[in-house]
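Each chain is listed here by its residues.
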Amino acid sequence: MTSMVKLPGLPDLGRCLVMGVVNVTPDSFSDGGRWFDPGRAIEHGLRMAEEGADIVDVGGESTRPGAQRVSLDEELRRVGPVVRELARQGVVVSVDTMRAEVADYAVEAGARLVNDVSGGLADPAMARLVAKSGVAYVLMHWRGHSHDMQRRAEYTDVVQEVHDELRVRMAAMAEEGADPNRIVLDPGLGFAKRPDLGHNWALLAHLDRFHELGRPILVGGSRKRFLGRLLSDAEGAPRDFTGCDDATVALTALAAAHGAWCVRVHDVRPNADAVRVAAAWGSAGAALDEGRADPIGRSRQ
């Protein structure tokens, strides 16, 4: 099962991991800039670790549909102190960035995972950085930046095309020196995937196809628009993102039961519960006491 793959510097708990999201941005779709202040972002990351986040993912650039890019200096200013302080306090930190320079800085500050939504396409130097640093790397399916990614959401067979494009990107990263054994694959729910055409649901329904690629799979569907559309009211108005947290927990349980290595979420505690339920179910109770011997969310490997 790919969910059991051991990756350097990351927890190995025998179940699907939970990645908590800390957006150090003023315009995130999911939290409206609540954690833009570095001090508040650090407090939020620590709270997520206490609530059960195995990894805390820190990002300084919004990737919501239509978002414009920020400068390198601004992205570094946002994420630098948050990554450094969380790592200092023993939290397993991931940096959510498309820039090799930001990834390099974050790894030096203590990040153990680089989460790149562009799969190395936005910055040609990313593969070399991953090869040099030796950290684990999330390679997501991507077809373009936020301002025009939905225009690129054209597929004949979304599952096959995303599968093949991930395979090609992984091979390209390996050719640049990145170790394939340190790569995590992410089908990129919501990124160049149209909610009205069911692209995201097709990918989730066929999650097993991505295990064929031989790498751990990260699922990031928390609070995304395809959930809001599913839960539309009688007039067809999509549910607000904060009203999608229960649906996210259901998605987490199903993804964990279908072999996801990690789920990326905004509301940690109920999702941490969900992966433990999936582990107990899948092991017929053998995982009943998993994780009780150690403090939740702190440097377990």
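These numbers come from a predicted model, not from an experiment. (Residues numbered from 1 in each chain as written. Predicted model: local features only at pLDDT ≥ 70, side-chain atom pairs only at ≥ 80, totals over all residues. Heavy atoms only, no water.)

Draft legend 1. Quick peek at the packing of aromatic side chains. Tallied over the entire structure, the rule returns 1 aromatic pair. Ring centres of W201 and F226 lie 5.0 Å apart, and the angle between their planes is 80°; on these two criteria the pair is classed as edge-to-face. Of this pair, W201 sits in helix 6 (residues 199-205) while F226 sits in helix 8 (residues 225-230), and the two are 25 residues apart along the sequence. A relative accessible area of 34% means that W201 is categorised as partly exposed. (Phe/Tyr/Trp six-rings, centres within 6.5 Å; stacked < 30°, edge-to-face > 60°. Helix = DSSP H or I, 4+ residues; strand = E, 2+ residues; numbered from the N terminus. Buried < 20%, exposed > 50% of the residue type's maximum accessible area, 1.4 Å probe, protein only.)

Draft legend 2. Structural view of unusual backbone geometry. At A192, a position not held by glycine, the phi torsion is positive, near 55°. Residue position: A192 is located in the loop between strand 6 (183-186) and helix 6.

Draft legend 3. Local environment of the packing of helix 1 (residues 38-51) against helix 2 (residues 72-88). Remark: helix 1 packs on helix 2, axes separated minimally by 9 Å, with the N-to-C direction vectors making an angle of 35°. With respect to the hand of their crossing, helix 1 and helix 2 are arranged in right-handed fashion. Touching P38, A41, I42, G45 and L46 of helix 1 are P81, V82, E85 and L86, all from helix 2. By residue class, the composition of the contact of helix 1 with helix 2 is 7 nonpolar, 1 polar and 1 charged. (Axes fitted to C-alpha atoms, helices over the stretch in contact; angles between N-to-C directions. Left-handed = near helix turned anticlockwise from the far one by under 90°. Contact = heavy atoms within 4.5 Å. Nonpolar A, V, L, I, M, F, W, Y, C, P; charged D, E, K, R; others polar.)

Draft legend 4. Here's a closer look at the pairing of strand 4 (residues 113-116). On strand 4, burial covers both faces: L113 and N115 on one face and V114 and D116 on the other are all buried. As paired elements, strand 3 (residues 93-96) and strand 4 share 3 bridges and run parallel to each other. Paired with S94 across the two strands is L113, which belongs to strand 4. Taken together, strand 3, helix 3 (residues 100-109) and strand 4 constitute a β-α-β crossover, and its handedness is right-handed. Bridge count between strand 4 and strand 5 (residues 136-140): 4 bridges; the pairing is parallel. Residue pairing for strand 5: D116 is matched across the bridge by L139. (Pairing = 2+ DSSP bridges. Right-handed = clockwise from strand over helix to strand, strands pointing away.)

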